[in-house]
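Here are the chains, one letter per residue:
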Amino acid sequence: MRRKLLALLICALVLPTTAMAQVRQIPDDAKRGNIVHVQDIMVKIDGQSMRLSPGAQIRSQANLIIVPMSLPPGALVKYTLDRMGQIYRVWLLTPEEAAAPDKKPE
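Just so it is clear, the structure is predicted and the values come from calculations on it, not from any experiment.

### Some points on the overall build of the protein chain
Turning to step 1, where the next piece is worked out: The secondary structure content of the protein chain amounts to two helices and six strands.
Turning to step 2, where the next piece is worked out: In the protein chain, the succession of helices and strands from N to C terminus is α-β-β-β-β-β-β-α.
Turning to step 3, where the next piece is worked out: Within the protein chain, residue pairs in contact and separated by at least 24 positions form 61% of the contacts whose partners lie at least 6 positions apart.
Turning to step 4, where the next piece is worked out: Summed over its atoms, the accessible surface of the protein chain is roughly 7,900 Å², and 60% of this surface lies on carbon and sulfur atoms.

Right, here's the structure in full:
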């Protein structure tokens, strides 16, 4: 019984640190901009109206998928486009990510 309890305790201590160690992988070619949700699948990035692609994902600062209506108005993001020029992936930037300079794609 003590071994099972000890194993459970070790798992409880190790698993949260593993989850916190995940690092977001934002592509180097992602563009930076300020986003505002307009309506349904329409957003504005730096004042330009754009459409979210089918299957688009918006990631919060905690790296959770959120719906477009949950976007904070004027939030600083990085985003990528699909082949049709529609927004495919969006990442709301943390203060640390926002302060970091953009990497140049190789």
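### Notes on the pattern of salt bridges
Close approach of charged atoms allows side chains with opposite charge to pair.
Turning to step 1, where the next piece is worked out: Across all of its chains, the model carries three salt bridges by this definition.
Turning to step 2, where the next piece is worked out: Where Arg 32 meets Asp 102, a salt bridge forms, and the shortest distance between an N and an O atom there is 2.8 Å. Taken together, the residues Arg 32 in strand 1 (residues 31–39) and Asp 102 in the segment after helix 2 (95–99) connect sequence positions 70 residues apart.
Turning to step 3, where the next piece is worked out: The class for Asp 102 is partly exposed, based on a relative accessible area of 40%.
Turning to step 4, where the next piece is worked out: Across the pair Lys 78 and Asp 102 runs a salt bridge, and its minimum N-O distance is 3.0 Å. Placement of Lys 78 in strand 5 (residues 75–81) and of Asp 102 in the segment after helix 2 is noted, with a sequence separation of 24 residues between them.
Turning to step 5, where the next piece is worked out: Given the relative accessible area of 10%, Lys 78 is considered buried.
Turning to step 6, where the next piece is worked out: One network of salt bridges, with partners in common, ties together Arg 32, Lys 78 and Asp 102.

### Re the nonpolar core
Turning to step 1, where the next piece is worked out: In this structure, Ile 35, Val 43, Ile 45, Ile 87 and Val 90 are the most contacted members of the largest nonpolar core, which totals 13 residues.
Turning to step 2, where the next piece is worked out: Elements with a contribution of two residues or more to this core: strand 2 (42–45), strand 3 (48–59), strand 5 and strand 6 (87–92).
Turning to step 3, where the next piece is worked out: Those residues within four positions of Val 43 in sequence are excluded, and the remaining contacts are Ile 35, Val 36, His 37, Val 38, Gln 48, Ser 49, Met 50, Leu 52, Leu 71 and Ile 87.

### Looking at the pairing of strand 5
Turning to step 1, where the next piece is worked out: Counting buried positions along strand 5 gives five out of seven residues, so the element sits mostly inside the fold.
Turning to step 2, where the next piece is worked out: Bridging between strand 1 and strand 5 involves five bridges; their strand directions are antiparallel. If you follow Gly 33 over to strand 5, its bridge partner there is Val 77.
Turning to step 3, where the next piece is worked out: Of the pairings in the sheet, the one linking strand 5 to strand 6 comprises five bridges and is antiparallel in character. By the bridge assignment for strand 6, Thr 80 is matched with Arg 89.
Turning to step 4, where the next piece is worked out: Counting the residues in the hairpin turn of strand 5 and strand 6 gives five residues, including Gly 85, whose phi is positive at 85 degrees.

### Thoughts on the environment of Asp 46
Turning to step 1, where the next piece is worked out: Counting through the fold element by element, Asp 46 comes out in the loop between strand 2 and strand 3.
Turning to step 2, where the next piece is worked out: When residues no more than four places from it in sequence are discounted, the contact partners of Asp 46 are Arg 32, Gly 33 and Asn 34.

What counts and what doesn't
- Residues numbered from 1 in each chain as written.
- Predicted model: local features only at pLDDT ≥ 70, side-chain atom pairs only at ≥ 80, totals over all residues.
- Heavy atoms only, no water.
- Helix = DSSP H or I, 4+ residues; strand = E, 2+ residues; numbered from the N terminus.
- Contact = heavy atoms within 4.5 Å.
- Areas by Shrake-Rupley, 256 points an atom, 1.4 Å probe, with all protein chains shown as cover.
- Salt bridge = Lys/Arg side-chain N within 4 Å of Asp/Glu carboxyl O.
- Buried < 20%, exposed > 50% of the residue type's maximum accessible area, 1.4 Å probe, protein only.
- Core = buried A, V, L, I, M, F, W, Y, C linked by side-chain atoms within 4.5 Å.
- Pairing = 2+ DSSP bridges.

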